[in-house]
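What follows is the residue order along each chain.
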Amino acid sequence: MAIIAHVDHGKTTLVDSLFQQSGVFRDGQAVEERLMDRMDLERERGITIAAKNCAVSWKGVKINIIDTPGHADFGGEVERALSMADGALLLVDAAEGPLPQTRYVLKKTLEAGLKVIVIINKIDRKDARPGEVLDEISDLFIDLDATDEQHEFPLLYTNGRDGIAKRRLTDPDEPLDVLFGMIVDEIPPPTIHPDRPMQMLVSDLGYSDYLGRLAIGRVHNQAVKSSESLIRIDIDDAVKPLKVSKLQVYAGLSLSDVPEAQPGDIVVLSGIDEVHIGDTICRKEAPRALKRIAVDEPTVSMLFLRNTGPFAGKEGQHVQATKLAERLKKETLSNVSLRVEEANDKEGFLVSGRGEFQMAILIETMRREGFEVCVGRPHVIYREKDGKRTEPIERVFIDCGDQFTGIVTEKLSVRKGRMINLTNHGSGRARLEFSVPSRALIGFRDELLTDTRGTGIINAYLEGYEEYRGDFPSRFTGSLVSDRQGAAVPYALFNLEPRGTLFIPPGEPVYEGMVVGEHNRDNDLDVNPCKTKKLTNMRAAGRDDNVLLTPPHLMTLEAAINFIREDELVEITPKSIRIRKRALAMSDRKRSR
């Protein structure tokens, strides 16, 4: 059973309550919140990034649960998880209603023919409107061409944080037994064909220092035993022999060794030297491949380069191009929505994925592993159709205060966006709906937060491809570029403040070609951030050296990626995030201009 929803609608919190009430933990045991979010980045950002498996037992029935991400950039994780599921729990916030990712995950679930249980969550919110949300969910099923059987979905109202569920709003609060009962009654059990051979589609990969490569997937038709000799069928239908050294199944959050796994179990096989997501594992007497996992094509690409700056190797452990290539290839093994290929100039790697946020998470993970890397500006991936260039188009939903609708509409219209709908419930906030090119959203999210004073919320999903809508400026300002290497001096930075916004504090090491700020005008300006004040004997040293600087605008990783132009790169190390020019020497940049 997969749990699917838009980001922050309560999937992981509901799983916590399912654990509590299924007896996974003993009475009085200290338990952290959001147990399924095990990665440091997931806990820091409060989102689910990777789909994860667990299992609970209720009245003798084992229920395998797959917690999926809610962010559109990690849609490949949802597609991978649905390949193992018999049904899905669709969570919808009782106040926000169905949002773009709700539509995306439900569309994939209906296409897979899975049974759906709808849960309207967070009914304790003061602004909850469960009746209207139910109508919106029903309209969404109709809009996605659900069959009559799919449209007659079972419904529950829950408060996942408190572990409460009920069939009707007027019913008294009950524990989650009613949800467990509905899962057992409504979600179909595994379909078993004893006359067919044992098959397992590899839906996820893992790695253990003791066991090596791990293949995770669901067993079909017949049982599989530990130490059994099997074969693997790869993407080219080539057959490779393998022997299972250890067989594990999920029990709660942990894994337990078993001698045999039954059909329907989600298992972890070890003893496989080489395996890829989408491969089929079966018996050699009856080699028969399952349909490979199909994922949507990437829409955004970024150039990854080794760090060639003057400070390369000072802060990170891995700086070689070969190390970078190995790490990116390893990422594609477990992330089905990523593509990696060598760049045309042979100097870097072109990484393609679902969005710049997915790229930012990959880069942040790599820098924590000790990598130093330079990345270029994200580009959308165009397609040719009937001799014309087409581009990805996003359906964008923006929730903001009434007073900000004008500036939001103006900014998106400049970026070739078209308004489709505007809804105002009279609560002081409005919901705007636009059709916008994907390239227009690169860098727009930061602008939206600034324009709406931090209150704007943006969500989007890929609508399809349309004919290219035309060019528009991505940035109206230039860069302040250091013309020498050294350490930034307060006196110099104070005199640079009228020129624009600075990105560095005093004492920060700089080098020639490093971007130290944003210029007020649209051209680049070479500056000297290391300039000191010349002292004479006509005044006392230190009297007017105590300058007061405006706090610098320290760039986050996502902000830096969205800020850079075509001739700029973001240099990422375990300790620093710097923006630099591709050509560091001032003479080279003047010649190229």
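The structure we're discussing is the one just above.
In short, a report on the structure. (Residues numbered from 1 in each chain as written. Predicted model: local features only at pLDDT ≥ 70, side-chain atom pairs only at ≥ 80, totals over all residues. Heavy atoms only, no water.)

**A word on the overall build of the chain**
Helix and strand content of the chain: 14 helices and 35 strands. A compact globule built from 593 residues should have a C-alpha radius of gyration of about 25 Å, and the chain, at 27 Å, falls within 12% of that. If you line up the chain on its principal axes, its C-alpha atoms span 95 × 65 × 60 Å. For the chain, buried positions account for 52% of its 593 residues. Contacts in the chain between residues far apart in sequence, at least 24 positions, make up 70% of those at least 6 positions apart. Accessible area for the chain stands at about 27800 Å²; split by element, carbon and sulfur atoms hold 48% of it. (Helix = DSSP H or I, 4+ residues; strand = E, 2+ residues; numbered from the N terminus. Rg over C-alpha atoms; globule rule 2.2 N^0.38 Å. Buried < 20%, exposed > 50% of the residue type's maximum accessible area, 1.4 Å probe, protein only. Contact = heavy atoms within 4.5 Å. Areas by Shrake-Rupley, 256 points an atom, 1.4 Å probe, with all protein chains shown as cover.)

**As for the environment of His318**
Checked against the element boundaries, His318 lands in the loop between strand 18 (300-306) and helix 8 (321-334). Here the alpha-carbon distance between His318 and Ala5, two residues 313 residues apart in the chain, equals 37 Å. Leaving out residues up to four positions away in the same chain, His318 has contacts with Lys323, Glu369, Gly370, Phe371 and Glu372.

**A closer look at the sheet that holds strand 16 (residues 266-270)**
Sheet strands associate in pairs through backbone hydrogen bonding, adopting either a parallel or an antiparallel arrangement. Across the sheet, eight strands lie side by side as 12-11-17-8-9-16-13-14; this open sheet has antiparallel pairing. What marks the edges here is a single partner per strand, and that holds for strand 12 (239-243) and strand 14 (254-257). With strand direction ignored, the average angle separating the axes of adjacent strands in the sheet is 40°. Bridge count between strand 11 (residues 229-233) and strand 12: five bridges; the pairing is antiparallel. Looking across to strand 12, one finds that Ser229 is bridged to Lys243. (Pairing = 2+ DSSP bridges. Axes fitted to C-alpha atoms, helices over the stretch in contact; angles between N-to-C directions.)

**Digging into the sheet that holds strand 3 (residues 61-67)**
One open sheet accounts for seven strands, arranged 2-3-1-4-5-6-7; its pairing is mixed. If you trace the sheet from one side to the other, it starts and ends with strand 2 (52-58) and strand 7 (164-166), each paired once. Between one strand axis and the next, the sheet turns through 30° on average, direction left out of account.

**Quick look at the packing of aromatic side chains**
Considering all chains together, one arrives at six aromatic pairs under this definition. Here Phe503 and Phe563 contribute two aromatic rings whose centre-to-centre distance is 5.2 Å and whose plane-to-plane angle is 85°, an arrangement assigned as edge-to-face. Placement of the pair is Phe503 in the loop between strand 30 (500-502) and strand 31 (509-510) and Phe563 in helix 13 (residues 557-563), with a sequence separation of 60 residues. Using a relative accessible area of 8% as the deciding quantity, one classes Phe503 as buried. Residue Phe563 is classed as buried on the basis of its relative accessible area of 9%. One Lys or Arg, Arg389, reaches over the ring of Tyr382 and ends 4.6 Å from the middle of that ring. (Phe/Tyr/Trp six-rings, centres within 6.5 Å; stacked < 30°, edge-to-face > 60°. Lys NZ or Arg CZ within 6 Å of the ring centre and 35° of its normal.)

**Topic: the pairing of strand 19 (residues 339-342)**
In this structure, strand 19 lies alongside strand 20 (residues 348-353), joined through four bridges in antiparallel fashion. Paired with Val340 across the strands is Val351, a residue of strand 20. In this structure, the hairpin formed by strand 19 and strand 20 is closed by a connection of five residues, where Lys346 is found at a positive phi of approximately 65°.

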